[in-house]
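Structural characterization, general
These are the residues of each chain, in order.
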Amino acid sequence: MKRIGVLTSGGDAPGMNAAVRAVVRKAIYHDMEVFGVYQGYHGLINGHIEKLDRGSVGDIIHRGGTILRSARCLEFKTLEGQKKGIEQLEKFGIEGLVVIGGDGSYMGAKALTEHGFPCVGVPGTIDNDIPGTEFTIGFDTALNTVIDAIDKIRDTASSHERTFIVEVMGRHAGDLALWSGLAGGAETILIPEAPYDMTKIAEKLKRGQERGKKHSIIIVAEGVMTGAKFGAIIEELTNFDTRVSVLGHMQRGGSPTASDRVLASRLGAHAVELLMEHKGGRAVGIEQNQIVDYDIIEALAKPHKIDQRMYELSQELSI
Ligand code: ADP
């Protein structure tokens with residue numbers, strides 16, 4: 001291939017810029033031309049496409065968000081929208097496309113692939129919910145943001161002897177809650193992938209108080225319920241004074257960690273290697289520190305799984 005495109009789509013994630021940079025630089029290094037598609041599939045349908053040179057991705061490796069911007073585009077879910085997208089790609093002579101985003105964005109890449117246009121998916125989401133990769137770009141940065149918040153909440157929780165409930169993002173996945181709960185030393189972690197019993201959680205809190213425990217931190221994944229709802233139930237069951245912190249969109253921002261920048265660079269470069277070999281319909285990922293690729297259609301059919309042993313460990317350490 002001599003001309004490829006790159007877009008970022010869906011929820012933004014720190015490290016997307018590092019991935020865009022890797023795609024552009026790797027392609028130029030191998031004498032290919034690269035076009036940036038702005039605002040995800042929305043920009044693709046509307047032909048918001050510009051040639052990128054090596055300088056256009058300078059000074060972005062450390063920046064959160066995405067210079068290509070992102071958008072949700074309902075029209076791209078239709079056959080008509082997808083055809084418009086392919087027409088635009090053909091107009092610019094683009095032969096392959098790198099799609100950086102979450103599972104929704106992968107669905108778009110899958111559709112283009114099924115219409116015969118080669119696409120490669122790069123996992124960019126703080127949710128860590130893409131099958132076929134142990135880590136997604138942005139997860140490590142979001143995790144560190146959540147831990148920083150938990151550490152600060154812990155200071156005030158211990159001063160005021162209160163039960164704090166922290167609601168974290170992750171959509172339907174519990175990875176961010178599980179990892180941050182484990183790293184932040186939370187008493188209880190609620191994730192969508194594991195059953196929970198409110199009465200038992202309340203009893204554990206009461207037992208802790210009887211032992212002289214001054215404060216508690218509970219992590220609730222947004223995929224389970226809102227922190228406010230959880231707090232109300234706990235207050236009713238324990239009569240404890242609870243406070244709820246919803247971390248919200250701050251979890252999506254900030255400068256990417258070294259780990260996310262390196263992951264983004266490796267994955268972005270591998271996506272270009274696949275297109276150089278005319279391999280479309282693939283998604284890239286990392287398994288046991290090795291960069292891998294797999295069939296994007298097959299991967300989307302697999303459910304995302306939580307690390308069960310890690311969940312058990314979190315329970316053993318929060319007695
Ligand atoms: P994420 O990629 O972060 O999961 P979304 O689920 O919002 O975010 O998906 C991003 C975009 O991908 C959507 O706005 C839409 O343009 C496209 N998309 C999602 N699902 C499909 C689908 N089934 N077919 C085609 N395109 C899709």
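Quantities reported herein were computed from a predicted structural model and do not represent experimental measurements.

**As for the pattern of salt bridges**
A side chain with one charge can pair with a side chain of the opposite charge if their charged atoms come near. Enumeration according to the criterion identifies 14 salt bridges in this entry. Glu-33 is the partner of Arg-3 in a salt bridge, and the nearest nitrogen-oxygen pair spans 2.8 Å. Of this pair, Arg-3 sits in strand E1 (residues 3–8) while Glu-33 sits in strand E2 (residues 33–37), and the two are 30 residues apart along the sequence. Classification of Arg-3 by relative accessible area gives partly exposed; the value is 27%. One salt bridge in this structure joins Asp-241 and Arg-243, with 3.0 Å as the shortest N-O distance. You can call Asp-241 partly exposed: its relative accessible area is 40%.

**Observations concerning the site of the ligand**
Neighbouring residues of the ligand: 16 residues in total, closest Arg-72, Cys-73, Gly-102, Gly-104 and Ser-105. Here an oxygen atom of the ligand and a side-chain polar atom of Arg-72 are 2.5 Å apart. Protein contact buries 85% of the 560 Å² of open area that the ligand shows by itself. Per-element tally for the shell around the ligand: the top contributor is helix H4 (residues 103–114), with 5 residues. Here the residues of the shell around the ligand are counted per class, giving 4 nonpolar, 8 polar and 4 charged.

**What to know about the UniProt feature "domain: Phosphofructokinase" (unreviewed entry) in the protein**
The residues that UniProt annotates with the feature "domain: Phosphofructokinase" (unreviewed entry) are residues 3–275. Helix makes up 44% of residues 3–275 and strand makes up 17%, while its end C-alpha atoms are separated by 10 Å.

**With respect to the sheet that holds strand E3 (residues 49–52)**
Ordered in space as E3-E2-E1-E4-E5-E10-E11, the 7 strands form an open sheet in which the pairing is mixed. A single partner strand is all that each edge strand has here, and the edge strands are E3 and strand E11 (290–295). Across this sheet, the average inter-strand angle for adjacent strands is 30°, counted without regard to direction. By the bridge criterion, 2 bridges tie strand E5 (residues 119–123) to strand E10 (residues 282–287) in an arrangement that is parallel. Across the sheet, the residue bridging to Val-120 is Arg-282, located in E10. Sheet contacts for H4: strand E4 (96–101), E5, E10 and E11; angle to E5, the most-contacted strand, approximately 170°.

**What to know about the packing of aromatic side chains**
Applying the stated criterion across every chain yields a total of 5 aromatic pairs. Pairing Phe-135 with Trp-179 gives two aromatic rings, centres 5.5 Å apart and planes at 80°, and the pair type is edge-to-face. Here Phe-135, found in the loop between E5 and helix H5 (139–160), pairs with Trp-179, found in helix H6 (residues 175–184); they are 44 residues apart in sequence, far enough to count as distant. For Phe-135, a relative accessible area of 29% puts it in the partly exposed group. Under the relative-accessibility criterion, Trp-179 is labelled partly exposed at 27%. Between the aromatic rings of Phe-139 and Trp-179, the centroid separation amounts to 5.7 Å while the plane-to-plane angle is 90°, which identifies the pairing as edge-to-face. Of this pair, Phe-139 sits in helix H5 while Trp-179 sits in helix H6, and the two are 40 residues apart along the sequence.

**What about the side chain of Glu-187?**
With respect to the helices and strands, the residue Glu-187 is situated in the loop between H6 and strand E7 (188–190). The class for Glu-187 is buried, based on a relative accessible area of 12%. Side-chain polar atoms of Glu-187 contact the side chain of Lys-213, separated by 2.5 Å. In contact with Glu-187, other than residues within four places in its own chain, are Lys-204, Lys-213, His-215, Ser-216, Ile-217 and Ser-318.

Conventions we followed
- Residues numbered from 1 in each chain as written.
- Predicted model: local features only at pLDDT ≥ 70, side-chain atom pairs only at ≥ 80, totals over all residues.
- Heavy atoms only, no water.
- Salt bridge = Lys/Arg side-chain N within 4 Å of Asp/Glu carboxyl O.
- Helix = DSSP H or I, 4+ residues; strand = E, 2+ residues; numbered from the N terminus.
- Buried < 20%, exposed > 50% of the residue type's maximum accessible area, 1.4 Å probe, protein only.
- Near = heavy atom within 4 Å.
- Polar contact = N/O pair within 3.5 Å; in protein donor to acceptor, adjacent residues only side chain to side chain.
- Areas by Shrake-Rupley, 256 points an atom, 1.4 Å probe, with all protein chains shown as cover.
- Nonpolar A, V, L, I, M, F, W, Y, C, P; charged D, E, K, R; others polar.
- UniProt positions renumbered as here; feature names shortened; annotations may be inferred.
- Pairing = 2+ DSSP bridges.
- Axes fitted to C-alpha atoms, helices over the stretch in contact; angles between N-to-C directions.
- Contact = heavy atoms within 4.5 Å.
- Phe/Tyr/Trp six-rings, centres within 6.5 Å; stacked < 30°, edge-to-face > 60°.

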